[in-house]
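A structural walkthrough
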Amino acid sequence: MSNVTIFHNPACGTSRNVLGLIRHAGIEPEVIEYLRAPPSRDQLMQLLADAGLSVRQVLREKGTPFAELDLANPKWTDAELLDFIGQHPILINRPLVVTPLGTKLCRPSEEVLELLPVGKLPPFTKEDGETVVDPGVRRG
């Protein structure tokens, strides 16, 4: 049984490519569609801490209410930003991936390679036809 988790949005090409790369590695991850089942505030704070990200670093601007809510304004505290994310989970940038090797926001999609607890993978073709060549470097 795998202990790899992806916080996934099936409407996002990058997220689909990351999921494809994980499966290309022979791993069937736990797939959490975070728009349907958002992480709790505590879980999100733990994911961010594990990934070494600030709340601002995980905010997604495109296709979200980021601009309408004026979230670029530095007046918002982390606690307030987390409240906005709780109300609008689409504000979470994706995909976040958790493996035994760490937690990471995997943008671009090939960023997931360093987290995969497997050897070097054969080339993978992303949805847009771009080939990803695995350098075989993993966190350790």
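As a starting point, this report considers the structure included with it.

Definitions and cut-offs
- Residues numbered from 1 in each chain as written.
- Predicted model: local features only at pLDDT ≥ 70, side-chain atom pairs only at ≥ 80, totals over all residues.
- Heavy atoms only, no water.
- Helix = DSSP H or I, 4+ residues; strand = E, 2+ residues; numbered from the N terminus.
- Expected span 1.5 Å × (residues − 1).
- Contact = heavy atoms within 4.5 Å.
- Phe/Tyr/Trp six-rings, centres within 6.5 Å; stacked < 30°, edge-to-face > 60°.
- Buried < 20%, exposed > 50% of the residue type's maximum accessible area, 1.4 Å probe, protein only.
- Lys NZ or Arg CZ within 6 Å of the ring centre and 35° of its normal.

A few words now on helix α1 (residues 13-24). Working note: α-helix, 3.6 residues per turn, so residues spaced by three or four point in the same direction. The terminal C-alpha atoms of α1 lie 16 Å apart, and with 12 residues this matches the ideal 16 Å at 1.5 Å per residue to within 8%. Lining the buried residues of α1 we find β1 (5-8), β2 (30-33), β3 (96-99), β5 (124-125) and β6 (131-132).

Next up on the list: the packing of aromatic side chains. By the definition in use, this model includes one aromatic pair. On the basis of an interplanar angle of 85° and a centroid distance of 4.9 Å, the ring pair of Trp76 and Phe84 is categorised as edge-to-face. Summarising the burial analysis for this pair, Trp76 and Phe84 share the class buried. A cation over a ring is seen here: Lys75 above Trp76, with NZ or CZ 4.5 Å from the ring centre.

Function cannot be read off these values alone, since they describe shape.
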